[in-house]
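Here are the chains, one letter per residue:
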Amino acid sequence: MSPAVRACARAPRGARRAAGDGVHRFSFVPTESGEHSLHVLLRGGLPHAPAVALRDSPFRVAVSPAEPDARASDVQLLSAPELRVGDSAILLVRLRDRFGNQLRAPAGAVRAALVGPADAALQLVESNDGAILVRARAHAAGAYAAHMTLGQAGAAHIRGSPLDVAFAPGALTPRACTVGVLFGGRAGEGLQLALVPRDANGNRLSPDSSTVIAMRVRAPVFAPKALRTHVRADQGLGAHVLSFVPPVHGVYNVSMYVNGGCVGRAMVRVEPQADAESAVTLDPQLEAAQLRQWGPRVALVAH
C-alpha cells in the first residue's frame, strides 16, 4: 500500500473539518473567523501505521470576518424604553457577517437616526468588545423611532431596527412656564390668565393639582389693597387658570409663582368700560379655539 497524504483543518472552536485527499494540493472554505490550524499528515503504507505530520505542519491561517450583514447583525435598547427629556437612550449594535462572526467595524459603518417630533443629538462610539454604542438625546417630548442601517440612506435595517423610544417631558421649571390672557373684562368683572406649565426645554406639561400656584396682584394706589385671587387646574385647556376681579381701571402689577419659583411679572392695564376692545396673548401655543373673545378693556403692557 502506497503512502497517502491527508490534511485536516482545526477551527478556533476545535471542530475538525476534512480538507480532502491528494498529493500536493488541499483546500477548505472557512466559515468561522479566527486563527485556524491546517494539519498535513503522511500515513505510511502499512496497515495501522501512525500518521506523521509533515515538516512545518500545522500551518497557521488567519481568517477575517466577511462583510457585515444586516440580517445577521442586531441592535438592542440598553436603556429604559421610556425616558425623560434630557436623558440619553443607549442602543447597542453588534455587526456580524452572514456566518455569524462578529466584526470590529468603525462606528461610521452604521447609519443612525432618531425619527420623531424634532431633531435629536446622536453619538456613536466603539466599545471595547467591538460593538457600537449609540447615544440619542431628544429635547422635545414625544414618541421616536430609532433607525439603524448599514451604509447609506435607504440601506437595509439592522435586525431589531427600528426601535421605539419615548421621551416624557422633564421636570416643571418655573422660568420656562408661559402666561397668556384668557379672559378679561371691564373694571369690576373677572380677569383670567392662563399659566401653561413647561419643563426647561419648553415641553408642555399637564396641569397638576398638586403643583403650588400663587398669584400676587398689586392694584393701583387708589384701589382697595386686598384683592381676592383664585387658581384652578383646567385639564381641558392644559393650563392653570388664575383669576381676580379688578375693582377699578388702571395698571395692575401681577406676579405668578410655581412651587415658590417666580414665573414672571406682567403689568396689566384695565381700561374703563367705554374704551375700545382689545385682546393680547403672551402664549401663542394656546389653542385659538380655547381663547374666548374677552371683553373690552384689558391689555398686557409689559412682561
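Refer to the structure presented above.
Now for a quick tour of the structure. All values derive from a computational prediction rather than experimental measurement.

## Focus on unusual backbone geometry
Following Ser57, the chain continues to Pro58 via a peptide bond in cis, the omega torsion being 5°. Within the element layout of this structure, Pro58 appears in the loop between strand 4 (51-53) and strand 5 (59-63). With omega at 0°, the peptide bond leading from Ser161 into Pro162 counts as cis. With respect to the secondary-structure elements, Pro162 resides in the loop between strand 12 (142-150) and strand 13 (163-168). Residues other than glycine seldom take positive phi values, yet Asp56 does so here, at roughly 70°. Residue placement: Asp56 occurs in the loop between strand 4 and strand 5.

## Re the sheet that holds strand 10 (residues 120-126)
Spatially, 4 strands are ordered 6-8-11-10 in an open sheet, and the strand pairing comes out antiparallel. Pairing within the sheet leaves two strands with one partner each, and these edge strands are strand 6 (74-77) and strand 10. Strand-to-strand, the axes of this sheet are offset by a mean angle of 20°, without reference to chain direction. Here strand 10 runs beside strand 11 (residues 132-138); their pairing, made up of 7 bridges, is antiparallel. Bridged to Val125 within strand 11 is Leu133.

## A word on the environment of Ala105
Within the secondary structure, Ala105 sits in the loop between strand 8 (88-94) and strand 9 (110-115). As for Ala105 and Glu67, which are separated by 38 residues in sequence, their C-alpha atoms are 9.7 Å apart. Each residue touching Ala105, except ones within four places of it in the same chain, is listed here: Leu95, Glu126, Gly130 and Ile132.

What counts, and where the lines are drawn
- Residues numbered from 1 in each chain as written.
- Predicted model: local features only at pLDDT ≥ 70, side-chain atom pairs only at ≥ 80, totals over all residues.
- Heavy atoms only, no water.
- Helix = DSSP H or I, 4+ residues; strand = E, 2+ residues; numbered from the N terminus.
- Pairing = 2+ DSSP bridges.
- Axes fitted to C-alpha atoms, helices over the stretch in contact; angles between N-to-C directions.
- Contact = heavy atoms within 4.5 Å.

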